[in-house]
Amino acid sequence: MKKKQLLIVTMIASLIVCFCPLQASYATKSVKKQKKQLKEVQAQKDDISEELSTLKSRIRKKQKALNTINSDIRVKEKQIAKSEKELEQTKKDINARKDGLNKRLRNMYKSGSIGYLDVILGSNSVEELVTNVDLVQKIFSNDQNILTELKSQKKAIQEKEAKLKKEKSELSEEQDKQKTAKASLDSTKATLQAKYDSLEKTENKLKNEIAAAASAGGVVYSGGKWAFPLPGGYTLTSHFGEARSYESHPGVDLAVPTGTPVYAAQSGKVVRSGSYGGYGYAVVIYHGNGLTSVYGHNSRLLVSAGRTVKRGQKIALAGSTGWSTGSHLHFEVRNSAGTPISPRPYIGIS
């Protein structure tokens, strides 16, 4: 009986010894698999990020072209309105001149006078006759010249107006083409953005799972206020949650010269160090308790993935890589779901 009990205890002990390494081995394989998946997701995300960057640049150019066309159309509309006003005035001038001539003829008929002929025949001398004939000729010639000039102006204005309307029509056609092209780009951008967001969620989930495993290996959040990620002398250029054309800003932008030291805001483990889509050269640190900090747009990275860092340790040099219009540090804090949260409780600003 004792031998049987001893055999059972030995077998159980053997199973326990065998099971533990297998469990550890399984956990290691699981983490390796997660890291491999993470790399694949990040590679896809980086590819889409590049596509989005190119697409946004094309959309900006299309919008700029549209703005120029819209401005040109407004100019043409003002020119057309001006020419229509000029044409209307010229028509009034022609009608007024015609009315003047007609009125003069009617008055001559009613009074029984023959007008110009009466003036000539009423001359008292040859000299007066020559003068009156010359005056009548000048008046008649002047009337004809004014009418001819007004008709010429009317024709020129009509031709100008027709040309302006044709140009406006051509601009309107080009405007429609540009709008259609931009709408297509916007649709493609929306599809890519949706893919990017989906990959980011998957990425954050994998990072948190890996970070949780790292936490089990010694990364423990101690709480308290974090160190500021810069030495000072920064300008806050973008706030957390600030509205953007395609998203709300997930962190804060702190303008500093290229090469400014960037510090770890809290102790933790570096889960990513390298090119990170629109963030450019970025460092991502897991601090335990589901909290992660991100440092983006750096010119140089001083730590590698897998390394443990201390609060206040220099991890990078600021720059303008990725989707950036000037040298600055993009800093954000994410919770256990991978969702960006306000950094105010941690570094005092948002």
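In what follows, the accompanying structure is described. (Residues numbered from 1 in each chain as written. Predicted model: local features only at pLDDT ≥ 70, side-chain atom pairs only at ≥ 80, totals over all residues. Heavy atoms only, no water.)

### Digging into the side chain of Gln-175
Here comes step 1: With respect to the helices and strands, the residue Gln-175 is situated in helix H3 (residues 126–216).
Here comes step 2: In this structure the side chain of Gln-175 is engaged in a polar contact, spanning 2.5 Å, whose partner is the side chain of Asn-70.
Here comes step 3: Beyond its immediate sequence surroundings of up to four residues, Gln-175 is in contact with Leu-66, Ile-69, Asn-70 and Ile-73. (Helix = DSSP H or I, 4+ residues; strand = E, 2+ residues; numbered from the N terminus. Polar contact = N/O pair within 3.5 Å; in protein donor to acceptor, adjacent residues only side chain to side chain. Contact = heavy atoms within 4.5 Å.)

### Describing the environment of Gly-241
Here comes step 1: Here Gly-241 shows up in the loop between strand S1 (235–238) and strand S2 (252–255).
Here comes step 2: A residue is classified by how much of its surface remains accessible, and Gly-241, at 40% relative accessible area, is partly exposed.
Here comes step 3: Along the primary structure Gly-241 and Ser-350 are separated by 109 residues, whereas in three dimensions their C-alpha atoms are 8.5 Å apart.
Here comes step 4: Look past the residues within four positions of Gly-241 in its chain and what remains in contact with it is Ser-248 and His-249. (Buried < 20%, exposed > 50% of the residue type's maximum accessible area, 1.4 Å probe, protein only.)

### As for the pairing of strand S4 (residues 268–275)
Here comes step 1: Relative to strand S8 (residues 308–309), S4 runs antiparallel, the two being bridged by two bridges. Within S8, the position partnered with Gly-268 by the bridge is Val-309.
Here comes step 2: Between S4 and strand S5 (residues 281–288), which pair antiparallel and follow one another directly, the connecting turn spans five residues, one of which, Gly-277, has a positive phi of 55°. (Pairing = 2+ DSSP bridges.)

### A short note on the pattern of salt bridges
Here comes step 1: The tally for this structure, following the rule as stated, stands at two salt bridges.
Here comes step 2: For the salt bridge of Asp-46 with Arg-272, the shortest nitrogen-to-oxygen distance reads 3.3 Å. One end of the pair, Asp-46, is in helix H1 (residues 2–110); the other, Arg-272, is in strand S4, with 226 residues separating them in the sequence. One exposure class covers both Asp-46 and Arg-272, and it is buried. (Salt bridge = Lys/Arg side-chain N within 4 Å of Asp/Glu carboxyl O.)

### Side note on the nonpolar core
Here comes step 1: In terms of nonpolar packing, the biggest core is built from 24 residues, with Trp-226, Val-262, Ile-285, Tyr-295, Ile-315 and Phe-331 touching the most fellow members.
Here comes step 2: Sorting the residues of this core by element identifies S2, S5, strand S6 (291–298), strand S9 (314–317), strand S10 (328–334) and helix H4 (344–347) as the ones contributing at least two each.
Here comes step 3: Here this core takes three residues from S10, the largest share from any one element.
Here comes step 4: In this structure, Leu-38, Leu-52, Leu-185 and Leu-206 belong to the second largest nonpolar core, which totals 11 residues. (Core = buried A, V, L, I, M, F, W, Y, C linked by side-chain atoms within 4.5 Å.)

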